Each structure stands twice: as structure tokens, then as C-alpha cells.
Amino acid sequence: MKKFLALFLAGVLAMSLLTACGGKDAAQTDSGNNEVEDTAQPEADAAQPETDETEDAAQPETNEAQDGTEDRAGSEAIADGVLTVGTNAEFPPFEYVGDDGQPDGFDVALIKAIGEKLGVQVEVENMEFDSLVASIGNKIDVAIAGMTVTEERKNSVDFSDAYYDALQYVIVPEGSEIATFDDLAGKTIGVQLGTTGDFIASDDVDGASVSQYNKAVDAVNDLINGRVDCVIIDKNPALVFEEKFAGQVKALDGAQFNFEVENYAIALPKGDTALAEQINTALQEIKADGTFDKLVEEYIGQ
Ligand code: GLN
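Draft legend 1. Geometry of the site of the ligand. Surrounding the ligand, one finds Phe-91, Phe-129, Ala-145, Gly-146, Met-147, Thr-148, Arg-153, Gln-192, Thr-195, Thr-196, Asp-234 and Tyr-264. Here Arg-153 contributes a side-chain N or O atom positioned 2.8 Å from an oxygen atom of the ligand. Look at the ligand: alone it shows 300 Å² of surface, and the protein chains cover 100% of it. Here the ligand occupies the largest cavity. Of the residues belonging to the shell around the ligand, the class tally is five nonpolar, five polar and two charged.

Given below as C-alpha cells:
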């Protein structure tokens, strides 16, 4: 209602301006309309200063590069001043879709802080977890997605220094008798497609029938519906889902299943050592200056 009224008033205003002053007013009419639309477009407005900042930051760098002293040019990925980052915003608290419809979470905040250190604009692309690795070097420059460093992935991508320790957890319905690794044998196990939880269920558990999902929450919903017996997923998302579906599911510590500790790192284009060095340096600075701990507190808690 309010918006309609505002549009109507803007229309009246535009009309009167138009009749009052002729040709030039086309521009004024436009800006009048934009003001009304602004309520619906906070993102575009918020994005403006960011772009400006990045462009400002990019200027001296480009000059330095001509002197041969600046190393951003050493990385093809960020030579354009933009770091395009892939994530899968289905993995709270590391990445999820925020209230504004944009990817948010610990990883998103971390890569933005890194981008700031690098003086590049960060653009986040939300995509399926399983296509992240293959998209590095074409659709995206790097991926941050609670991604565990694995030997298999190292065949396709490089990794930054690790920034977080993780462990697979097992989510079960309240009252389930699953408690040890041997109990998983022959069970129907829900996983996120292409994740380390998927690899455990598919490769290590005897006789499991594995249901693969693109969204972790769909696996948990099927657990609640009784379509799967348990869900293997990383600790922090497991704890988030345990809280979200309190009374329906329980998250069991992976230690009681003898799962191995995993390390999260940023996946990088293979061979781009200039980028790896810059990202690792930024990561060290972010840890040293307390930003990292602040982000842990804000997004993950204790
Ligand atoms: N850490 C797991 C992996 O790397 C899961 C990551 C995720 O689902 N975002 O496979």
C-alpha cells in the first residue's frame, strides 16, 4: 500500500515537473522514480561504494604493475581486480543464504576480508558443492566452502593454508541405536553429494546404501521423514541442524566413529603460486590482527 502511494505521488510529481519545465525534465523524472524504487534495491546501492573502493584500490596497483613491482599481475586470477569465489551456500554456519538473499557465513566473511587485504573486489557465486573444484579456473577463481583438503582434490586444484579443523559427525533420529562405525554397515546414509561424508559412506561403510543430496537440509529432512537412517556431515553444520530440528535429531561426535580430523582450506587454481602466496599472507594477517577470531565468534561460536 505504502509503496503504491509513493509511486503514485512520484508519478504526480514527475507529471508536474514535466509540464513545468519541458525537455530537460526527462532526467529529473528518472531520478524521481529511482528514489521510489530505491527501497526495493538496497543491494544495488550498497554495491556502489564497494565497486568504487575497489576501482580506487585498483588504480595504484595497475601503475605499480607497470613498474614491475606489484605482484597482483603475477596471478592471472586476480589481474582484473576481481576475485570470483565459488561457494555452496547450504552449509551453515560456514555458508548459507542470508536474509538479503546473498551468500553469507563464516567463509564468505573470511574471503571478503582476504579480498580487502588483496585490494580486489570479491564476487561470490553460489553453486553446487560438487561442481566447485571443476569450476576453478573457468567459472570461478577460487572456492571457499568448508572444503576439506584431500589428496584426490589436490590432483585438480591447489589449496591455501588450512584455516579450520573439522570432523565428520553423524546425525541420527532421536532414539536411534546407531552409535559406532560398525553400526553404519548396511544402513541407508544421507550425504551431500561429492563431500568427504559421501566418500566415507560410499567407500568405507560396508553395504551402505547412500542417498546423495545437493542440499544438506534435504538429507536432514529425509532423515526426519524416515527415508534415511542417518546423515554423515561435518561437525558444525551437524550442530546447526541438531539445534534447528531439536527434539527430532541428534548429532553424534565423529570421534566415536573413529573418523579422521579434516582441514578446511581455500581451493585455488593449480599452479597459481602468486595467488596462493597472497592469500596465505592475507590469512596470516587476518589471524594475527584478531579478525579471524572475531569471525569465529560471530559466525561459529564456541
Ligand atoms: N568438508 C566437506 C568436504 O569438503 C563438506 C563440505 C561442504 O559440504 N560444503 O567435502
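Draft legend 2. How the structure looks around the sheet that holds strand 9 (residues 168–173). Read from one edge of the open sheet, five strands run 11-10-12-9-13, paired in mixed fashion. Because the sheet does not close on itself, it has two edges, and the strands there are strand 11 (209–213) and strand 13 (249–252). Adjacent strand axes in the sheet meet at a mean angle of 30 degrees when their direction is disregarded. Direction of pairing for strand 9 relative to strand 12 (residues 230–234): antiparallel, over a ladder of four bridges. Residue pairing for strand 12: Val-170 is matched across the bridge by Ile-232. Running over the sheet, helix 9 (residues 235–244) touches strand 9, strand 12 and strand 13 and is turned about 130 degrees from strand 12.

Draft legend 3. Expanded view of empty space enclosed by the protein. Per the stated rule, a full pass over the model turns up one cavity of 30 Å³ or more. Its volume calculated, the largest cavity comes out at about 80 Å³. If you go around the largest cavity, the residues you meet are Asn-88, Phe-91, Phe-129, Ala-145, Gly-146, Met-147, Thr-148, Arg-153, Gln-192, Thr-195, Thr-196 and Asp-234. Among the residues making up the lining of the largest cavity, the classes are represented as four nonpolar, six polar and two charged.

Draft legend 4. Summary view of the side chain of Thr-84. Along the chain, Thr-84 turns up in strand 1 (residues 82–87). By relative accessible area, Thr-84 is classed as buried at 14%. Discounting chain neighbours no more than four positions away, the residues touching Thr-84 are Glu-123, Glu-125, Lys-139, Ile-140, Asp-141 and Val-142.

Draft legend 5. Layout of the packing of helix 4 (residues 106–118) against helix 10 (residues 273–288). Where helix 4 contacts helix 10, the axes come no closer than 9 Å and their chain directions differ by 110 degrees. Judged by the angle between their axes, helix 4 and helix 10 are roughly perpendicular. From helix 4, Leu-110, Ala-113, Ile-114, Lys-117 and Leu-118 reach across to helix 10, where they touch Leu-275, Gln-278, Ile-279, Ala-282, Leu-283, Glu-285 and Ile-286. Residues of the contact of helix 4 with helix 10, tallied by class, amount to nine nonpolar, one polar and two charged.

Draft legend 6. Quick look at helix 11 (residues 291–300). When we look at burial in helix 11, the residues that qualify are Phe-292, Leu-295, Val-296, Tyr-299 and Ile-300. The buried residues of helix 11 occupy one face: seen down the axis, they fall within an arc of 105 degrees. Turned more than 90 degrees away from the buried face of helix 11 sit Asp-293, Lys-294, Glu-297 and Glu-298, all of them exposed. Buried residues along helix 11 sit against strand 3 (95–97), strand 4 (103–104), helix 4, strand 8 (164–166), helix 9 and helix 10. Two residues or fewer past helix 11, Gly-301 is found with a positive phi of approximately 75 degrees.

Draft legend 7. A look at the side chain of Gln-192. Structurally, Gln-192 is set in strand 10 (residues 188–192). On the basis of relative accessibility, which here comes to 5%, the residue Gln-192 falls in the buried class. For Gln-192, the side chain forms a polar contact with the side chain of Asn-88, separated by 3.2 Å. Residues in contact with Gln-192, not counting those within four places in the same chain, are Asn-88, Glu-90, Phe-91, Asp-198, Tyr-213, Asn-214, Lys-215, Ala-216 and Ile-233.

Draft legend 8. Quick look at the nonpolar core. Core analysis: the largest hydrophobic core is formed by 65 residues, its most contacted members being Phe-106, Leu-110, Ile-114, Tyr-163 and Leu-184. Examining the composition of this core, we find that seven residues originate from one element, helix 4, more than from any other. The next biggest cluster of nonpolar side chains, apart from the first, holds 13 residues, and it includes Phe-129, Ile-140, Ala-143 and Val-157.

Draft legend 9. View of the packing of aromatic side chains. As enumerated under the stated definition, the model contains 12 aromatic pairs in all. Consider the rings of Phe-106 and Tyr-164, whose centres lie 6.2 Å apart with planes at 55 degrees: the pair is tilted. Linking Phe-106 in helix 4 with Tyr-164 in strand 8, this pair joins segments that are 58 residues apart in sequence. For Phe-106, a relative accessible area of 0% translates into the label buried.

Cut-offs and rules
- Residues numbered from 1 in each chain as written.
- Predicted model: local features only at pLDDT ≥ 70, side-chain atom pairs only at ≥ 80, totals over all residues.
- Heavy atoms only, no water.
- Near = heavy atom within 4 Å.
- Polar contact = N/O pair within 3.5 Å; in protein donor to acceptor, adjacent residues only side chain to side chain.
- Areas by Shrake-Rupley, 256 points an atom, 1.4 Å probe, with all protein chains shown as cover.
- 1 Å grid on protein atoms, 1.4 Å probe; cavity = no way out; pocket = protein on both sides within 12 Å on 5 of 7 lines; lining within 4 Å.
- Sits in = over half its atoms within 2 Å of the grid points.
- Nonpolar A, V, L, I, M, F, W, Y, C, P; charged D, E, K, R; others polar.
- Pairing = 2+ DSSP bridges.
- Helix = DSSP H or I, 4+ residues; strand = E, 2+ residues; numbered from the N terminus.
- Axes fitted to C-alpha atoms, helices over the stretch in contact; angles between N-to-C directions.
- Contact = heavy atoms within 4.5 Å.
- Points joined across faces, edges and corners; volume = space filled by probe spheres on them.
- Buried < 20%, exposed > 50% of the residue type's maximum accessible area, 1.4 Å probe, protein only.
- Parallel < 35°, antiparallel > 145°, perpendicular 65-115°, else oblique.
- Arc of directions from axis to C-beta.
- Core = buried A, V, L, I, M, F, W, Y, C linked by side-chain atoms within 4.5 Å.
- Phe/Tyr/Trp six-rings, centres within 6.5 Å; stacked < 30°, edge-to-face > 60°.

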